[in-house]
Amino acid sequence: MSENATLTLNGKKFKFPIVEGSEGEKGINISGLRNETGYITLDEGYGNTGSCQSQVTFVDGDHGILRYRGIPIEELATNFSFPRVAYLIIYGELPTEDQYHQFSDNLTRFQMIHEDMKFHFQGFPSYAHPMAILSAMINAAGCFIPELNEKNSAKHFDMQATRLLSQVRTLSAYAYRKSLGLPAMYPKRNYNYTQNFLHMMFSTPGDEFEPDPAAVAALDLIFLLHADHEQNCSTSTVRMVASSRSNLFASAAAGVCALWGYHHGGANQAVLEMLHKIEKDGDDGTKFIENVKDADSKTRLMGFGHRVYKNHDPRALIIKQRCDTLLDKLNINGPLFDIAKKLEEVALNDDYFKERNLYPNVDFYSGLIMEAIGIPREMFTVIFAIGRMPGWIANYKEVIDNTKGKIYRPRQIYQGKPLRHVDAE
Ligand code: ACO
């Protein structure tokens, strides 16, 4: 028998069905609430609101669980590269070898952007933030796909999805080159997804950059660990835009804008800024931790804590190991890394952090890895956007495949001025 929740309002009882997810999560389906009662729910920040039913990613923050399409992140990170996991996220299953070759060939086929796109890059000032350029350029790249103007543009989904996934790294690397006033580098056919990105970032004409395999593996892992994270701010934004039947490129460009913010994708950059500040202040991390613990200071230890993970961030455990290996392999050390180790050690053993369930999150280590690879700080959020693209694409697909889906349109409780009139003389 199906379960119901009963709501009593002004002495009258209303029943609402309980929806159970495949992992036992339960929600009260209140879609009939306003019609039946005249009331709406109010949940600022949506912390208690399920905005959709999705089959892409499962997160259980209390137990530190993250699964893409049912497969634990630990298994995926150990066995597969980012493009294979991207395929899984977008299509629901890991690819067969034939499927993967086709997918990979298409990623290579679409990796060049249209030559005319170079003119668009020229219009930005050199100090433009690469996230602004990326979002504008994703929309611009969509203009070169006439099929996107068709009313049912989604019927060309496969082509659009591979094209977007492939070109996001070309556009990102070009955005970086633009900020340095350097010529854009074309992608190479014989490089894999992540190698190619590093090549386009760091090669110059006549001076080929040979990506270090350890750095390629570490960056590929960063992409993979960020590939989806259910209904976060940027993914919800992509779904919101898609629900109006905007095309994939427009929806993803909106996702980039949402991710850009300091409270979302900007945290890994904040970690490095914090470490630099500690170094500049001549501290080894001890004074900084004392300051964080001071209730009046409002200072936070960046890269610690998570809104959902209250036990541990499973991505942080995976990436920490890779971070240590990479730093050893590339023989990287220096005050920043020493400070990071000190902060980690002190915070993990300090009651302030233990009592509040504050553990290092994925951003604490991903920032350090990117610093070690030589990626500039203003590109950190761009890296996050490249990684998150499969999740955005898969969520976009869920929205447009749902033929009964409605445009997303939350309501509000109006708190403005009551009715008043102009004083017409
Ligand atoms: N440093 C110090 N204290 C902290 C931190 C931190 N990083 N995070 C939370 N706290 C403390 C708060 O001051 C509060 O203490 P109190 O109970 O004495 O008032 C308590 O822990 C609970 O804090 P909330 O803000 O309620 O925790 P919430 O779960 O809402 O915050 C968040 C999560 C925003 C991520 C927070 O931990 C934070 O600001 N962390 C630093 C920024 C960061 O690393 N963000 C990246 C998240 S991962 C990602 O986006 C991929």
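How each quantity is defined
- Residues numbered from 1 in each chain as written.
- Predicted model: local features only at pLDDT ≥ 70, side-chain atom pairs only at ≥ 80, totals over all residues.
- Heavy atoms only, no water.
- Helix = DSSP H or I, 4+ residues; strand = E, 2+ residues; numbered from the N terminus.
- Near = heavy atom within 4 Å.
- Polar contact = N/O pair within 3.5 Å; in protein donor to acceptor, adjacent residues only side chain to side chain.
- Areas by Shrake-Rupley, 256 points an atom, 1.4 Å probe, with all protein chains shown as cover.
- Nonpolar A, V, L, I, M, F, W, Y, C, P; charged D, E, K, R; others polar.
- Core = buried A, V, L, I, M, F, W, Y, C linked by side-chain atoms within 4.5 Å.
- Buried < 20%, exposed > 50% of the residue type's maximum accessible area, 1.4 Å probe, protein only.
- Pairing = 2+ DSSP bridges.
- Axes fitted to C-alpha atoms, helices over the stretch in contact; angles between N-to-C directions.
- Parallel < 35°, antiparallel > 145°, perpendicular 65-115°, else oblique.
- Left-handed = near helix turned anticlockwise from the far one by under 90°.
- Contact = heavy atoms within 4.5 Å.
- Salt bridge = Lys/Arg side-chain N within 4 Å of Asp/Glu carboxyl O.

Asker: Would you explain the environment of Lys329 in this entry?
Answerer: Structurally, Lys329 is set in helix α14 (residues 314-329). For the pair Lys329 and Lys15, spaced 314 residues apart in sequence, the C-alpha to C-alpha distance is 61 Å.

Asker: Explanation requested: the site of the ligand in the structure shown.
Answerer: If you check the shell around the ligand, you find 17 residues, and the closest are Leu301, Gly303, Phe304, Arg307 and Lys310. The contact in question runs from an oxygen atom of the ligand to an N or O atom on the backbone of Gly303, over 2.8 Å. Within the backbone of Phe304, one N or O atom sits 2.9 Å away from a nitrogen atom of the ligand. Considering the ligand on its own, with 920 Å² of exposed area, one finds that the protein chains cover 69% of that surface. Taken together, the residues that form the shell around the ligand break down as 7 nonpolar, 5 polar and 5 charged.

Asker: Looking at this model, I keep getting lost on the nonpolar core. Mind explaining?
Answerer: The nonpolar side chains of a soluble globular protein tend to be buried with one another. Residues Ile138, Leu165, Leu275 and Leu301 are the most contacted members of the largest nonpolar core, which totals 111 residues. Broken down by element, this core gets its largest block of residues, 13 residues, from helix α18 (residues 380-401).

Asker: Sorry if this is basic, but what is going on with the pairing of strand β5 (residues 65-68) here?
Answerer: Every regular strand shows the same layout, with side chains that alternate between the two sheet faces. The pairing of strand β4 (residues 57-60) with β5 spans 4 bridges and is antiparallel. Paired with Phe58 across the two strands is Arg67, which belongs to β5. Hairpin connection from β4 to β5: 4 residues lie between these consecutive antiparallel strands, with Gly64 at a positive phi of about 65°. Alignment of β5 against strand β6 (residues 71-72), held across 2 bridges, turns out to be antiparallel. Each bridged residue has a counterpart across the sheet, and for Arg67 the counterpart in β6 is Pro72.

Asker: I'm lost on the packing of helix α4 (residues 97-109) against helix α7 (residues 157-180) in this one. Help?
Answerer: Geometry of a packed helix pair, given as the angle between the helix axes and the separation of the axes. Direction vectors running N to C along α4 and α7 enclose 50°, while the axes themselves pass 8 Å from each other. With respect to each other, α4 and α7 are oriented oblique. As for how α4 packs across α7, the hand of that crossing is right-handed. Along its contact with α4, which presents Phe103, Asn106 and Leu107, the element α7 presents Thr162, Leu165, Ser166 and Arg169. Residues belonging to the contact of α4 with α7 are distributed by class as follows: 3 nonpolar, 3 polar and 1 charged.

Asker: I keep staring at the pattern of salt bridges and nothing clicks. Help me out?
Answerer: Scanning the entire structure with this criterion turns up 13 salt bridges. Ionic pairing is found between Lys342 and Asp284, a salt bridge with its closest N-O pair at 3.8 Å. Of this pair, Lys342 sits in helix α15 (residues 335-349) while Asp284 is found in the loop between α12 (267-280) and α13 (286-293), placing the two residues 58 residues apart along the sequence. When its relative accessible area of 28% is taken as the criterion, Lys342 is described as partly exposed. Given the relative accessible area of 38%, Asp284 is considered partly exposed. Arg315 serves as the salt-bridge partner of Asp313, at 3.0 Å between the closest nitrogen and oxygen. Each member of the pair, Asp313 together with Arg315, is buried.

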